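Descriptive analysis of the structure
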Amino acid sequence: MKTKYYFLLVVLLVVLDQLTKLLAYEYLGIGDSIAINEFLSLTFAHNYGAAFSFLADSGGWQRYFLSSVSAIASIVISVWMLRTSLKHKFKLISLALILSGALGNMIDRIANGFVVDFIDFHYAGFNYPIFNFADIFISIGVILLIIVDWKK
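A short tour of the structure in this document, coming up. Fair warning: this is a prediction, and the values are worked out from it, not measured in the lab.

All right, on to the nonpolar core then. Core analysis: the largest hydrophobic core is formed by 11 residues, namely Tyr6, Val10, Val14, Ile77, Met81, Leu92, Leu95, Ala96, Ile98, Leu99 and Leu145. The dominant element in this core, judged by the number of residues it contributes, is helix α3 (residues 89-112), at five residues. When sequence neighbours within four positions are dropped, the list of residues in contact with Ala96 reads Tyr6, Leu9, Val10 and Met81. Ranked by size, the runner-up nonpolar core spans eight residues in total, among them Leu28, Phe114, Val116 and Phe118.

On the surface, Tyr5, Leu8, Val11, Leu12 and Val15 cluster together into a nonpolar patch covering about 470 Å² of accessible area. Tracing the backbone through its elements, the reader meets Val15 in helix α1 (residues 3-27).

Tracing the chain through its elements places Asn105 in helix α3. Engagement of the side chain of Asn105 in a polar contact is seen with the side chain of Lys21, the distance being 3.0 Å. The residues touching Asn105, leaving out its near neighbours within four places in the chain, are Asp17, Lys21, Val115, Asn132, Ala134, Asp135 and Ile138.

Pairing of strand β1 (residues 33-37) with strand β2 (residues 40-47) involves four bridges; the strand directions are antiparallel. When the bridges of β2 are listed, Asn37 appears paired with Leu40. Counting the residues in the hairpin turn of β1 and β2 gives two residues. Bridge analysis of β2 against strand β3 (residues 115-123) gives six bridges, and the strand direction is antiparallel. Bridging from a neighbouring strand, Leu40 pairs with Phe121 of β3.

Secondary-structure assignment places Ile147 in helix α4 (residues 133-150). Taking the C-alpha atoms as reference points, Ile147 and Lys91, separated by 56 residues in sequence, lie 9.3 Å from one another.

Cut-offs used in this document
Positions within a chain are numbered from 1, following the residues in the order the chain's sequence is written. Reporting in this predicted model follows two pLDDT cut-offs: at least 70 for local features of residues, and 80 or more for side-chain atom pairs to be given and counted; totals over whole chains, interfaces and linings ignore these cut-offs and use all residues. Water and hydrogen atoms play no part in the side-chain values, which are based on all heavy atoms of the structure. The set of buried Ala, Val, Leu, Ile, Met, Phe, Trp, Tyr and Cys residues whose side-chain atoms join them within 4.5 Å is what this entry labels a nonpolar core. The cut-offs for exposure are 20% and 50% of the maximum accessible area for each residue type, with area from a 1.4 Å probe on protein chains only; residues under the lower value are buried, those over the upper are exposed, and the others partly exposed. Helical segments are the DSSP runs of H or I of at least four residues, strand segments are the runs of E of at least two, and each set is numbered from the N terminus. We call two residues in contact whenever any of their non-hydrogen atoms come within 4.5 Å of each other. Think of a patch as exposed residues, more than 30% relative accessible area, with no salt bridge, where like charges cluster within 9 Å and nonpolar side chains (Val, Leu, Ile, Met, Phe, Trp, Tyr) cluster within 5 Å. Here, Shrake-Rupley sampling with a 1.4 Å probe gives the accessible areas, and only protein chains in the shown set may cover a residue. Salt bridge, as used here: a side-chain nitrogen of Lys or Arg that lies within 4 Å of a carboxyl oxygen of Asp or Glu. Polar contact is defined as a pair of N or O atoms within 3.5 Å, subject to the rule that within protein one atom must be able to donate a hydrogen and the other to accept it, and that residues adjacent in sequence are counted only when both atoms are side-chain atoms. Two strands pair under a simple rule: DSSP has to find at least two bridges between them.

And the structure:
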């Protein structure tokens, strides 16, 4: 598979992420929640910070800082992908996942000033921070990258 196909994967995943956020925006109001089952709900939330709402209450400067970090990380990951041999398929997939998540959340920060989160796991009083598909892509990509690099 050529490198351009990994970038096409990035585009498709960013579109998927943005489409799900748009649907959440359209069908859920801020703070509204739809229970799917006893441990999963769709709950619309604005995340003004980074992972787990880190820096969320920092007065607004974090929008530009986190957007800049995402832009720089996206450039670095893109160059890394271009320099990675095509024989390292899982590394390229993991980098594509991470890049997709970074771009998806960066688009939100630039366009809205916040990231749209809507996936809400909870059980027996434990509430995991609300997240989105971009966060899932980043998490799976990082785990896969660790596994791939660990096996060297």
